[in-house]
Amino acid sequence: MHPLNVFRLLAGLLFVGLGLVFLADAASWFELEVRYVWPALLLGLGAAGLLSSVRRA
Amino acid sequence: MSTRPPDTDLDTAPAETDTEIAELAGAPVEPAYPVGFGDDPTLVPPPPIPPDGVAFEPMPERPADPARQFPVGRITFSVILILAGTLGLLSVSSLEVSAQGVLAAALVATGLGLVVGAWLGRPRGLVALGVVLTLALGATAAIGVPLQGGIGERVIAPDPGVALPAAYHLGIGELVVDLSDVDLAGDRVALETTLGVGELVVVVPSDVDVEVTAEVTAGELDLFGRVADGMSVSDRAVSETPGDADGVLLLDVRVGLGRVEVRRAPDLGEA
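Keep in mind it's a predicted model, so treat the numbers as computed, not measured.

Helix and strand counts for chain A come out as 2 helices and 0 strands. The burial tally for chain A puts 37% of its 57 residues in the buried class. Total accessible area on chain A stands at roughly 3,600 Å², and carbon and sulfur atoms take up 68% of it.

Printed below as a string of structure tokens:
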């Protein structure tokens, strides 16, 4: 194992969360508001990059 | 421009610059720029360039780090392919699997690959794949109708003696559901028909009452000649047969992008 890469960890968790939300929407467990998806994606990736940079610094 | 005569001997020429004046006065002179390795005993001059032009010996290769060599990206891509293939097979056999379901499962696998890659290996390309999958999922979800049932042109015309299924689906293409010959035998029968992208035509029997609920995310809606178009179009229509009704057909029609038409059987030949 190499030292923890925070960006990959947070981006991975973001994608897992989004994937589960889309799966739940496909299964009609709840109705997804699509307009929230791309801001959530940008916010998540940006926060992951920021935290990763801060941790590295 | 120099004011010194061209034939003047440099050693006997009068001092003109500050450095020359300081040299003549015997004071130590600080060079104005680096003058080479000889002036600094701590610096080591580079080795001479050999005739073959190779100035330095090649760097010794660092030993491979097993944690960074772990092919987590390749493994994740393979898992995604296996997952998509399995879901595709299931959709062909019995289970209804939408494109959104397959893409969402692939996105979850991508995320898990990245989480593993945070400690192990180098998951190359997985972030880009995750972004692409998320955007594709956003597009499919925006259509509002599951992309399931395949792609292409399909004409469904059930035989009179066959009971209607609960639903007909097509992902992308043209779907014609011709119920002209269906015999409801006096029953109330519900039928759902969905199309993701394309044109959907439903031809209802001439001898039954019909209650239609229709939605189009973007496109045109035509219920027994009543036309509406635009974004998020929905309509409801009740059409009673002039004579004695042989049953009631409850029709739920949904299309993402495209056109819907519901009409009586006799209209089929005029189209």
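That was the structure; now back to the text.
This next bit is on the confidence of the model for chain B. Across chain B, the average pLDDT comes to 80, with 74% of residues at 70 or higher. Both scores are given for the predicted complex: the pTM is 0.62, the ipTM 0.85.

Moving on, we come to the environment of Ala166(B). Residues and elements named next belong to chain B. Structurally, Ala166 can be placed in the loop between β1 (151-156) and β2 (167-178). Residue classification places Ala166 among the exposed residues on the basis of a relative accessible area of 61%. Distance from Ala166 to Val189, taken between C-alpha atoms, is 8.8 Å for residues 23 residues apart in sequence. Those residues in contact with Ala166 that sit more than four places away from it in its chain are Ala190, Leu191 and Glu192.

Let's shift gears to the nonpolar core. One finds Val202(B), Leu249(B), Leu251(B), Val253(B) and Val262(B) to be the most contacted residues of the largest nonpolar core, which totals 30 residues. Those elements giving two or more residues to this core turn out to be β2, β3 (188-204), β4 (209-223), β5 (226-239) and β6 (248-264) of chain B. Beyond its immediate stretch of four places on either side in the chain, Leu249(B) contacts Leu164(B), Leu179(B), Leu184(B), Val189(B), Leu191(B), Val204(B), Pro205(B), Val208(B), Asp209(B), Val210(B) and Glu211(B). Counting residues in each nonpolar core, the second largest holds 19 residues, with Leu14(A), Ala106(B), Leu133(B) and Leu137(B) among its members.

With that settled, consider unusual backbone geometry. The backbone phi angle of Ser28(A) is positive, close to 65°, even though this residue is not glycine. Here Ser28(A) lies in the loop between α1 (6-26) and α2 (37-56). Look at Ser28(A) and you get exposed, because its relative accessible area is 62%. Not every positive phi belongs to a glycine, and Phe224(B) is a case in point at roughly 50°.

Turning our eyes to something else, we now look at the interface of chain A and chain B. Contacts between chain A and chain B engage 24 residues on the former and 29 residues on the latter. Interface area for chain A against chain B, summed over the two sides, is near 2,200 Å², with a carbon-plus-sulfur share of 80%. Considering only the surface of chain A that becomes buried against chain B, His2(A), Arg8(A) and Phe15(A) emerge as the three largest contributors, covering 31% of it. Applying the counting criterion to the chain A and chain B interface returns 0 salt bridges. The tally of links between chain A and chain B comes to 5 residue pairs in polar contact (both at pLDDT 80 or more). The set of elements that each furnish at least two residues to the side of chain A that touches chain B consists of α1 and α2 of chain A. Of the residues contributing to the side of chain A that touches chain B, the split by class is 18 nonpolar, 4 polar and 2 charged.

Criteria and thresholds
Residues numbered from 1 in each chain as written. Chains lettered and ligands numbered in written order. Predicted model: local features only at pLDDT ≥ 70, side-chain atom pairs only at ≥ 80, totals over all residues. Heavy atoms only, no water. Helix = DSSP H or I, 4+ residues; strand = E, 2+ residues; numbered from the N terminus. Buried < 20%, exposed > 50% of the residue type's maximum accessible area, 1.4 Å probe, protein only. Areas by Shrake-Rupley, 256 points an atom, 1.4 Å probe, with all protein chains shown as cover. pLDDT = per-residue confidence, 0-100. Contact = heavy atoms within 4.5 Å. Core = buried A, V, L, I, M, F, W, Y, C linked by side-chain atoms within 4.5 Å. Buried area = accessible area lost by both parts, 1.4 Å probe. Salt bridge = Lys/Arg side-chain N within 4 Å of Asp/Glu carboxyl O. Polar contact = N/O pair within 3.5 Å; in protein donor to acceptor, adjacent residues only side chain to side chain. Nonpolar A, V, L, I, M, F, W, Y, C, P; charged D, E, K, R; others polar.

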